[in-house]
Amino acid sequence: MLLASCGQATVAPTPTPTPASCQALARHRPLGAGRRQPSTPPAALVVRLKPGVPLQQAEELASAAGAEVVKVRRRSRALLARPRPGVGTTGVSNRLASDVRVARVEPDVRVRALEVTPNDPLFREQWALWQIRAPAAWEVTRGLGVKVAVLDTGIAQHPDVAGAAEGYDFVADDPDPTDPGDPNFDCTSHGTMVASIVAAQTNNGRGIAGVTWGASGAQILVARVLDEQGNGSLLDVEEALRWAADRGARVANLSLGTETAAPCPEGLRAAVQEVVARGVLVVAAAGNNGPRSGTVVCPANLDAVVAVGATGPEGTVAYYSSRGPEVDLTAPGGAASGVCSADVRTASPSASDPEDYPCAAGTSFAAPHVSGAAALVLARWPSLDPSEVRAKLERGAEDVGLPGRDPDSGCGMLRADRAVRGETASAPACAPVSR
Ligand SMILES: [Ca+2]
Ligand SMILES: [Ca+2]
């Protein structure tokens, strides 16, 4: 069963893109051409005072040199001064430097926030990436080379999604994991949508951004375990998990589950334990059977699996998200309110558009945010074992809902930035000991 609601009017038309010519013009126009630039103020100077010189003399000292004080920094015993209009910076600097009260004069060095903003046109609409603080995480890593297995309906061709690094079709038992698409829904490929969240081609000036950066991000191993309608066998899931471990996958994403909450069969439990011991973090969608507790489906309800519930754009747990003590984390899954902008933007071809960017909601789309963040963590620290990766994700999570671990949100909302920096939240729900 697919843990998505993509057939329920959540697939919205792609918004009208900015005309390509307009974008190209903006990109290629030389700075300043054809437009009056505001006059740049003269560069500020940092003036460091000698010991014992009272800071109260700052104004007089600057004024005597032809400058005005921008600010005085008491702890650093320095002032920021700027030449008065029409007064040359060099002269001001020389006069200040020759003042007996001044220890040193330096140019003010400017700094800026190092958040990474990719140029994908739909990125500004991807609230999900802002919610998990992906731009700050990308300062550290974009997940290059980590192998993430996506066990799903396979993958379809889309210009903003890299193909499978390796793949296998466990449904038809052949080496071609292509998803032919679901004829019942216009959203043709669930697996492609999920893969696009993990690793859409990013900063390519096209479509969406992924949690990891496509060609410069995680490699996707595609295991087709669900048919185009989204139905499959847990035995194929078992087999595909072992296949993924054989191929060096470090994360396995399972945006699938049983229809209702039920204990997992012993075979699947053993397969999960086996691949976790071989270094694969297994991440699964919690289910869309909320809001009552006790609704987390298999395989998310296994202890060894990271069970992911869904949040909407406000950061609250979505009404449909399955609840129970097995929930470990929440991540963006969309509000499922029928409004495209409140759902998760993905990439997948549709019947009407080979380059569609459908919006979709479900815990299916929450899990790949966690899988992508796990790949970022592993790109930074490749030697971590699954329990260590999991601990970083859980300790960095933002406690939401009831204080501490709770059955709606588990350890709280995914924070990719803290996970890749190895930081613990200020009031973590699940630190220092995770389940
Ligand atoms: Ca893109
Ligand atoms: Ca909580």
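All residue numbers refer to positions counted from 1 along the written sequence of the respective chain. Chains and ligands are labelled by the order in which they are written, letters from A for the one and numbers from 1 for the other. Reporting in this predicted model follows two pLDDT cut-offs: at least 70 for local features of residues, and 80 or more for side-chain atom pairs to be given and counted; totals over whole chains, interfaces and linings ignore these cut-offs and use all residues.

Trainee: Could you give an account of unusual backbone geometry, naming the residues involved and the relevant values?
Mentor: Cis rather than trans, the peptide bond between Gly-290 and Pro-291 has omega equal to 10 degrees. Following Cys-298, the chain continues into Pro-299 via a peptide bond in cis, with omega recorded as 15 degrees. Numbering of helices and strands starts at the N terminus; helices are DSSP runs of H or I of at least 4 residues and strands are runs of E of at least 2. Relative to the assigned elements, Pro-299 resides in the loop between strand S9 (281-285) and strand S10 (306-311). Of note in the backbone geometry, Arg-133 takes a positive phi value of approximately 60 degrees without being a glycine. Checked against the element boundaries, Arg-133 lands in the loop between helix H4 (127-131) and helix H5 (134-137). Even without being a glycine, Asn-203 presents a positive backbone phi close to 60 degrees. Mapping Asn-203 onto the fold places it in the loop between helix H6 (190-199) and strand S7 (219-224).

Trainee: Quick one: what's the story with the sheet that holds strand S3 (residues 78-83), residue by residue and with numbers?
Mentor: We treat two strands as partners when DSSP finds at least two bridges between them. Here we have 4 strands laid out as an open sheet, ordered S2-S3-S1-S4, and antiparallel in their pairing. Looking along the sheet, the strands with just one partner apiece sit at the ends: strand S2 (67-73) and strand S4 (102-107). Taken over all neighbouring pairs, the strand axes of this sheet differ in orientation by 25 degrees on average, direction set aside. Sheet topology places strand S1 (residues 45-49) next to S3; 4 bridges connect them, and they run antiparallel. The angle between two axes is taken between their N-to-C directions and runs from 0 to 180 degrees, where each axis is a line fitted to C-alpha atoms and a helix contributes only its stretch in contact.

Trainee: Go over the packing of helix H9 (residues 363-380) against helix H10 (residues 386-396) with me, naming the residues and quoting the values.
Mentor: Two numbers describe how H9 lies on H10: the axes approach to 10 Å, and their chain directions differ by 115 degrees. On the basis of the axis angle, H9 is roughly perpendicular to H10. Crossing hand, H9 versus H10: right-handed. Facing Val-370, Ala-373, Ala-374, Val-377 and Leu-378 of H9, the residues of H10 in contact are Val-389, Lys-392 and Leu-393. Class assignment of the residues belonging to the contact of H9 with H10 gives a composition of 7 nonpolar, no polar and 1 charged. Note that the term roughly parallel is reserved for angles under 35 degrees, roughly antiparallel for angles over 145, roughly perpendicular for angles of 65 to 115, and oblique for everything else. By convention the crossing between two helices is left-handed if the near helix lies anticlockwise of the far one by an angle smaller than a right angle, and right-handed if it lies clockwise. Each residue is represented by a C-beta atom placed from its backbone, and any two residues with such atoms within 7 Å are regarded as in contact. Residue polarity is assigned by list, with Asp, Glu, Lys and Arg as charged and Ala, Val, Leu, Ile, Met, Phe, Trp, Tyr, Cys and Pro as nonpolar; anything else, Gly included, falls into the polar class.

Trainee: Could you give me a rundown of the sheet that holds S10, with the residues and numbers involved?
Mentor: Pairing within the open sheet is parallel, and its 7 strands lie in the order S6-S7-S5-S8-S9-S10-S11. Because the sheet does not close on itself, it has two edges, and the strands there are strand S6 (166-169) and strand S11 (329-332). The sheet shows a mean angle of 25 degrees between the axes of neighbouring strands, taken without regard to direction.

Trainee: Account for the pairing of S7, naming residues and giving values.
Mentor: Regular strands show a simple pattern: their side chains alternate between the two faces of the sheet. Using C-beta atoms placed from the backbone, we call a residue buried if 20 or more other C-beta atoms fall within 10 Å of its own, exposed if 12 or fewer do, and partly exposed for counts in between. Of all 6 residues in S7, 6 are buried, a share of seventy percent or more. Of the two faces of S7, the one holding Gln-219, Leu-221 and Ala-223 and the one holding Ile-220, Val-222 and Arg-224 are both buried throughout. Inspection of the sheet shows strand S5 (residues 147-152) paired to S7 by 6 bridges, in the parallel sense. Note that in S7 the partner of Leu-151 across the bridge is Ala-223. Of the pairings in the sheet, the one linking S6 to S7 comprises 4 bridges and is parallel in character. Paired with Gly-167 across the strands is Val-222, a residue of S7.

Trainee: Run through H10, naming residues and quoting values.
Mentor: Three- or four-residue spacings in an α-helix give side chains the same orientation, since the helix completes a turn every 3.6 residues. With 9 of 11 residues buried, H10 lies mostly within the body of the structure. Turning to H10, its buried residues are Pro-386, Val-389, Arg-390, Ala-391, Lys-392, Leu-393, Glu-394, Arg-395 and Gly-396. At its buried positions, H10 is contacted by helix H8 (266-277), S9, S10, S11, H9 and helix H11 (416-421).

Trainee: An account of H6 is needed here, citing residue identities and associated values.
Mentor: In terms of residue burial, H6 counts as a mostly covered element, since 10 of its 10 residues are buried. Among the residues of H6, those classed as buried are His-190, Gly-191, Thr-192, Met-193, Val-194, Ala-195, Ser-196, Ile-197, Val-198 and Ala-199.

Trainee: Requested: an account of the confidence of the model for the protein, with residues and values cited.
Mentor: As a per-residue measure, pLDDT reflects the predictor's confidence and takes values from 0 up to 100. On average, residues of the protein score 89 in pLDDT, and 88% of them reach the 70 mark or higher. A low-confidence stretch, residues 5-39 (pLDDT under 50), is modelled with 35 contacts involving residues beyond four sequence positions or located in other chains.

Trainee: Which residues make up the pairing of S5, and what values do they have?
Mentor: In terms of burial, S5 is largely enclosed, as 6 of its 6 residues are buried. Burial along S5 is two-sided: the residues Lys-147, Ala-149 and Leu-151 and Val-148, Val-150 and Asp-152 are all buried.

Trainee: Mind laying out the nonpolar core, listing which residues take part and the relevant values?
Mentor: Of all hydrophobic cores here, the largest spans 107 residues; its most connected members are Ala-252, Val-282, Val-283 and Val-308. Looking at this core element by element, the count peaks at 11 residues for H9. With sequence-adjacent residues up to four places away left out, Val-308 is seen in contact with Val-283, Ala-284, Ala-285, Ala-286, Asp-328, Leu-329, Thr-330, Ala-331, Thr-363, Ala-366, Ala-367 and Val-370. Of all hydrophobic cores here, the second largest spans 11 residues; its members include Leu-45, Leu-61, Ala-62 and Ala-67. Here, a nonpolar core means buried Ala, Val, Leu, Ile, Met, Phe, Trp, Tyr and Cys residues linked by C-beta atoms lying within 7 Å of one another.

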